[in-house]
Amino acid sequence: MKEVEIEVYDKKEKVATTLCVEQINENQFRMIDNDLFNNQLTLGAEFETKINSENKHEVVKILKKSEFITRRFSLTPNYKESDYRMLGDELTKRGGFWQVDFGSIATVNIPKGFEFDINQVIKDLELVEITD
């Protein structure tokens, strides 16, 4: 599949975001990372768009939800970036994905059946979860 960048306008949040996605067909796409503003647009999610009057994509339908458990956290200055990177690398080795936006918001995509107690890791690292 072809990777493309599209600009997606979220009417609810009144914000446009540029997303890097895999193009399935003319107006259907698969996420290859996580949108910071739309919690439905996470790794692996497939969606359909329409082009609005400003020539931006608007999501009209989620075709397939992500198979990952997605959680967001505020990173604390108590730990070095290398500590977080070590955790992220372990997650990646086990089929997960992680990204950091704005230097302080971590999004993790946890495969179902993940062998570690993610809640204990969160507690140990004193992470603050960002919820809707």
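Let me sum up the structure you'll find in this document. (Residues numbered from 1 in each chain as written. Predicted model: local features only at pLDDT ≥ 70, side-chain atom pairs only at ≥ 80, totals over all residues. Heavy atoms only, no water.)

## Some points on the overall build of the chain
Next, step 1: Check the secondary structure of the chain and you find two helices and nine strands.
Next, step 2: Secondary structure of the chain in N-to-C order comes out as β-β-β-β-β-β-α-β-β-α-β.
Next, step 3: Residue burial in the chain is summarised as follows: out of 132 residues, 39% are buried.
Next, step 4: A total of about 8,300 Å² of accessible surface is found on the chain, and carbon and sulfur atoms cover 49% of it.
Next, step 5: Each charge class in the chain can be summarised by its mean position, and for the 18 positive and 25 negative side chains these summaries are 4 Å apart. (Helix = DSSP H or I, 4+ residues; strand = E, 2+ residues; numbered from the N terminus. Buried < 20%, exposed > 50% of the residue type's maximum accessible area, 1.4 Å probe, protein only. Areas by Shrake-Rupley, 256 points an atom, 1.4 Å probe, with all protein chains shown as cover. Lys, Arg positive; Asp, Glu negative; His and termini not counted. Charge placed at Lys NZ, Arg CZ, Asp CG, Glu CD.)

## Some details on the sheet that holds strand E7 (residues 97–101)
Next, step 1: Taken in spatial order, the four strands line up as E7-E8-E6-E9 in an open sheet, and their pairing is antiparallel. Because the sheet does not close on itself, it has two edges, and the strands there are E7 and strand E9 (128–130). With strand direction ignored, the average angle separating the axes of adjacent strands in the sheet is 30°.
Next, step 2: Note: strand E6 (residues 68–74) against E9, three bridges, orientation antiparallel. Counterpart to Ser74 in the pairing with E9 is Val128.
Next, step 3: Sheet strands in contact with helix H1 (residues 81–93) are E7 and strand E8 (105–111), and its direction is about 145° off that of E7. (Pairing = 2+ DSSP bridges. Axes fitted to C-alpha atoms, helices over the stretch in contact; angles between N-to-C directions. Contact = heavy atoms within 4.5 Å.)

## Regarding the nonpolar core
Next, step 1: Grouped together as the largest cluster of nonpolar side chains are 13 residues, with contacts concentrated most on Leu91, Val108, Ile110 and Leu127.
Next, step 2: For this core, the secondary structure elements donating two or more residues are H1, E8 and helix H2 (118–124).
Next, step 3: Beyond its immediate sequence surroundings of up to four residues, Leu127 is in contact with Phe73, Ser74, Leu75, Tyr84 and Ile122.
Next, step 4: With 10 residues, the next largest nonpolar core counts Val4, Leu19, Leu41 and Ala45 among its residues. (Core = buried A, V, L, I, M, F, W, Y, C linked by side-chain atoms within 4.5 Å.)

## A short note on the side chain of Glu58
Next, step 1: Locating Glu58 in the fold gives a position in strand E5 (residues 57–64).
Next, step 2: With residues near it in sequence (within four places) discarded, Glu58 still touches Tyr9, Lys11, Glu48, Thr49, Lys50 and Asn52.

## Quick notes on the environment of Asn55
Next, step 1: Along the polypeptide, Asn55 turns up in the loop between strand E4 (46–51) and E5.
Next, step 2: Placed 48 residues apart in sequence, Asn55 and Glu7 show a C-alpha to C-alpha distance of 8.8 Å.

## As for the pattern of salt bridges
Next, step 1: Enumeration according to the criterion identifies eight salt bridges in this entry.
Next, step 2: Across the pair Glu22 and Arg30 runs a salt bridge whose closest N-O atoms are separated by 3.0 Å.
Next, step 3: Residue class for Arg30 comes out partly exposed when judged on its relative accessible area of 22%.
Next, step 4: Glu90 serves as the salt-bridge partner of Arg94, at 2.4 Å between the closest nitrogen and oxygen.
Next, step 5: Taking the relative accessible area as the measure of exposure, Glu90 reaches 27% and is therefore partly exposed.
Next, step 6: What you see here is one network of salt bridges that share partners, running through Glu22, Arg30 and Glu46. (Salt bridge = Lys/Arg side-chain N within 4 Å of Asp/Glu carboxyl O.)

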